[in-house]
Amino acid sequence: MKADPEAITRQLKIARGQLDGILRMVEEDRYCVDISNQILATQALLRRINKQILEAHIRNCVREGLHSDDPNPKLEEALSLLEKMMT
């Protein structure tokens, strides 16, 4: 994986902690809107992590696959599209 494994691991552990917190909220029969907000926050974090991993893949692995270190407009277009998809 070309993305920073330490940063990705740290962020995934945060997401895991958020999920544990959501489970506790459900077990404690907390207010539904509060639970839903926490789920949305966790989903947003997971989307950001996925975006980092996919961007690193496109910038590194795909570029290597094209056998070129030169900037590639098609790759930049794909990254732009990815940015739109992930927000």
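Each value, and the rule that gives it
Residues numbered from 1 in each chain as written. Predicted model: local features only at pLDDT ≥ 70, side-chain atom pairs only at ≥ 80, totals over all residues. Heavy atoms only, no water. Salt bridge = Lys/Arg side-chain N within 4 Å of Asp/Glu carboxyl O. Buried < 20%, exposed > 50% of the residue type's maximum accessible area, 1.4 Å probe, protein only. Helix = DSSP H or I, 4+ residues; strand = E, 2+ residues; numbered from the N terminus. Core = buried A, V, L, I, M, F, W, Y, C linked by side-chain atoms within 4.5 Å. Contact = heavy atoms within 4.5 Å. Expected span 1.5 Å × (residues − 1). Arc of directions from axis to C-beta.

Student: In this structure, what is going on with the pattern of salt bridges? I would like to understand it.
Tutor: Close approach of charged atoms lets side chains of opposite charge pair. All told, the structure shown has four salt bridges when counted by the stated rule. With a shortest N-O distance of 3.6 Å, Arg-30 and Glu-28 are connected by a salt bridge. A relative accessible area of 51% places Glu-28 in the exposed class. Note that Arg-59 and Glu-76 form a salt bridge whose closest N and O atoms lie 3.7 Å from each other. Here Glu-76 lies in helix 3 (residues 73-86) and Arg-59 lies in helix 2 (residues 32-65), a separation of 17 residues in the sequence. Residue class for Arg-59 comes out partly exposed when judged on its relative accessible area of 37%. Several salt bridges converge on common partners, so that one network encompasses Lys-51, Glu-55 and Glu-83.

Student: I keep staring at the nonpolar core and nothing clicks. Help me out?
Tutor: Nonpolar side chains in soluble globular proteins tend to be buried together. Formed by Ala-3, Ile-8, Ala-15, Leu-45, Ile-49 and Ala-56, the largest nonpolar core amounts to six residues. Contributions of two or more residues to this core are made by helix 1 (5-27) and helix 2. The contacts of Ala-15, once residues within four sequence positions are left out, are Thr-42, Leu-45 and Leu-46. Counting residues in hydrophobic clusters, the runner-up holds five residues, among them Leu-75, Leu-79, Leu-82 and Met-86.

Student: Help me understand helix 3 in this model?
Tutor: An α-helical turn contains 3.6 residues, so any two residues separated by three or four positions project in the same direction. Compared with the 20 Å implied by 1.5 Å per residue over 14 residues, the 20 Å span of helix 3 between its first and last C-alpha is a close match. Among the residues of helix 3, those classed as buried are Leu-75, Leu-79, Leu-82 and Met-86. Down the axis of helix 3, the smallest arc covering the buried residues is 60 degrees, so these residues share one side. Looking at helix 3, the residues exposed on the side facing more than 90 degrees away from the buried face are Pro-73, Lys-74 and Lys-84.

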